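Report on the structure
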Amino acid sequence: MKTGLIVEGGGMKCAYGAGVLDILLDNDVNFDYCIGVSAGAANAASFLAGQRDRNKRFYTIHVTDPNYLSVYSLLKTGSLFGLRYIYGDMTNEGGIDPLDYDAYMANPTEAYFPATDAVTGEANYFNKNELRRNEYEPIMATCSLPVACKPIEYEGHVYYDGGVADSIPIEHALEHGCDRIVFISSKPEDFRMPPQTGKMLYTMTLKRKYPGVVEGLNHRHEVYNKQLDKVKALEAEGKVMCFHPSADIKIGTFTKDPAVMMQLYDNGVEDTIKNINRLKDFLNGK
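Residues numbered from 1 in each chain as written. Predicted model: local features only at pLDDT ≥ 70, side-chain atom pairs only at ≥ 80, totals over all residues. Heavy atoms only, no water.

**What to know about the packing of aromatic side chains**
If you walk through the whole model with that rule in mind, you get eight aromatic pairs. Summarising the aromatic geometry, the rings of Tyr33 and Tyr112 are spaced 5.6 Å apart at their centres and angled 35 degrees between planes, so their arrangement reads as tilted. Residue Tyr33 is located in strand β2 (residues 33–36), and its partner Tyr112 is located in strand β3 (residues 110–117); the two are separated by 79 residues in the primary sequence. Ring geometry for Phe126 against Tyr159: centres 5.2 Å apart, planes inclined by 65 degrees, an arrangement best described as edge-to-face. Taken together, the residues Phe126 in strand β4 (residues 123–127) and Tyr159 in strand β6 (residues 157–160) connect sequence positions 33 residues apart. Every member of this aromatic cluster is reached through a ring pair, and the members are Phe113, Phe126, Tyr154 and Tyr159. Directly above the aromatic system of Tyr104 lies the positively charged group of Lys128, at a separation of 5.9 Å from the ring centroid. (Phe/Tyr/Trp six-rings, centres within 6.5 Å; stacked < 30°, edge-to-face > 60°. Helix = DSSP H or I, 4+ residues; strand = E, 2+ residues; numbered from the N terminus. Lys NZ or Arg CZ within 6 Å of the ring centre and 35° of its normal.)

Printed below as a string of structure tokens:
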């Protein structure tokens, strides 16, 4: 039996997943396969490197740095999220909170993260073996929100956020042979994605150079809800186990309040502790 982990994106809402993953580390829960989207990819990297509390620090401490998420960053770099600061300066060796690259690469789990090719609008699935020490552009790429961030150029291609092309990569997990899949969502259990807001803005900004991204944003809600239906159907069959925030915590993609982040992180911790035995039974095929 092959076990898989899907970690959804969602900007600062991914503080919930950080809490879930830390409890998985506490309980030595491992997977054969892992795919993280957008901020979920960054969460997954710390998890696979075995760095407990690292994700929490990014949501509850580092978020106050004006280079992280701010109008200051937008004016300075052209991106609301300072992706090259977060996944470069901070994450590289010698940074204030580096990824343990050696531990990450030594982990036998297959790891992937989709980024959206800005020209074609199609998903490109980077794998962890494409990450080089102190060169984390593929993670920056999957986190690059259209309009809010400049696209990331890497090896002759230009990329935007992986959630545009594949928000819930359930088919990728199935195609890679996963029999039991854990899905960590950043959304409530009853969430359905509405049509993308800001259509006029993203169309005017992106249409000329990146029409594929505009098309992906236009239909993202349709694809997302079909993927969610697939996840729920597999959950009913006992092939997927989901973690959704159980607490009603008001938070947006760009929320910066460390106290709110901590509440969401704690909710992830509490939900996972409550369900840890059920999770272990699920992964063991019981």
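**Some thoughts on the pattern of salt bridges**
Enumeration over the complete set of coordinates arrives at 16 salt bridges. Note that Lys2 and Glu110 form a salt bridge whose closest N and O atoms lie 2.6 Å from each other. Here the residue Lys2 occupies a position in the segment before β1 (3–7), and Glu110 occupies one in strand β3, the gap between them amounting to 108 residues. Given a relative accessible area of 26%, Glu110 falls into the partly exposed group. Two residues, Asp102 and Arg133, come together in a salt bridge whose shortest N-O distance is 2.7 Å. Here the residue Asp102 occupies a position in helix α6 (residues 101–106), and Arg133 occupies one in the loop between β4 and α7 (137–142), the gap between them amounting to 31 residues. Overall, Asp102 belongs to the partly exposed group, its relative accessible area being 46%. Several salt bridges share partner residues, and in doing so they unite Asp22, Asp26, Arg52, Asp53 and Lys56 into one network. (Salt bridge = Lys/Arg side-chain N within 4 Å of Asp/Glu carboxyl O. Buried < 20%, exposed > 50% of the residue type's maximum accessible area, 1.4 Å probe, protein only.)

**Observations concerning the state of the cysteines**
As enumerated under the stated definition, the model contains zero disulfides in all. Cys143 provides the cysteine sulfur closest to Cys14, a residue in no disulfide bond, and the two sulfurs are 8.5 Å apart. Taking the relative accessible area as the measure of exposure, Cys14 reaches 2% and is therefore buried. Left unpaired, Cys242 is separated from the closest cysteine sulfur, that of Cys178, by 14 Å. (Disulfide = S-S within 2.5 Å.)

**Here we look at the pairing of strand β8 (residues 240–243)**
The side chains of a regular strand alternate, residue by residue, between the two faces of the sheet. Both faces of β8 are covered, namely the face carrying Val240 and Cys242 and the face carrying Met241 and Phe243. Judged from the four bridges that link them, strand β7 (residues 180–184) and β8 form a sheet pairing that is parallel. Looking across to β8, one finds that Ile181 is bridged to Val240. (Pairing = 2+ DSSP bridges.)

**Things to note about the nonpolar core**
With 66 residues, the main nonpolar core has Leu5, Leu24, Tyr104, Val182 and Leu279 as its most contacted residues. If one sorts the elements of this core by residue count, helix α11 (residues 258–283) sits on top with nine residues. With 17 residues, the next largest nonpolar core counts Ile35, Ala173, Met193 and Tyr224 among its residues. (Core = buried A, V, L, I, M, F, W, Y, C linked by side-chain atoms within 4.5 Å.)

**Things to note about the environment of Lys226**
Its place among the elements puts Lys226 in helix α10 (residues 211–236). Its relative accessible area of 63% is what places Lys226 among the exposed residues.

**Details of the packing of helix α1 (residues 15–26) against helix α2 (residues 39–48)**
Two elements in contact, α1 and α2, have axes separated by 10 Å at closest approach and are oriented at 15 degrees. With respect to α2, the axis of α1 lies roughly parallel. α2 is crossed by α1, and the crossing has right-handed handedness. For the pair α1 and α2, the contacting residues are Gly17, Ala18, Leu21, Leu24 and Leu25 in the first and Asn43, Ala44 and Phe47 in the second. Considering only residue class, the contact of α1 with α2 consists of six nonpolar, two polar and no charged. (Axes fitted to C-alpha atoms, helices over the stretch in contact; angles between N-to-C directions. Parallel < 35°, antiparallel > 145°, perpendicular 65-115°, else oblique. Left-handed = near helix turned anticlockwise from the far one by under 90°. Contact = heavy atoms within 4.5 Å. Nonpolar A, V, L, I, M, F, W, Y, C, P; charged D, E, K, R; others polar.)

**What to know about the pairing of β2**
The alternating pattern of β2 places Tyr33 and Ile35 on one face and Cys34 and Gly36 on the opposite face, and all of these are buried. Of the strand pairs in this sheet, β1 and β2 are connected by four bridges, and their pairing is parallel. Pairing of Val7 across the sheet is with Gly36, part of β2. What joins β1 to β2 is α1, and the crossover it makes is right-handed. (Right-handed = clockwise from strand over helix to strand, strands pointing away.)

**So, α11**
What sets the pattern is the α-helix's 3.6 residues per turn: residues three or four places apart point alike. Asn275 marks where α11 bends most, by close to 60 degrees. A side-chain oxygen of the first residue of α11 lies 2.9 Å from the backbone nitrogen of Ala259; this N-cap is Asp257. A positive phi of about 80 degrees marks Gly285, the residue just after α11. (Bend = angle between axes of the 7 residues up to and from the residue. Polar contact = N/O pair within 3.5 Å; in protein donor to acceptor, adjacent residues only side chain to side chain.)

**Brief notes about the packing of helix α9 (residues 199–206) against α10**
The contact between α9 and α10 brings their axes to 9 Å, and the two run at 165 degrees. With respect to α10, the element α9 is oriented roughly antiparallel. The chirality of how α9 crosses α10 is left-handed. In this structure, α9 uses Lys199, Tyr202, Thr203 and Leu206 to contact α10, whose residues at the interface are Pro211, Val213, Val214, Leu217 and Asn218.

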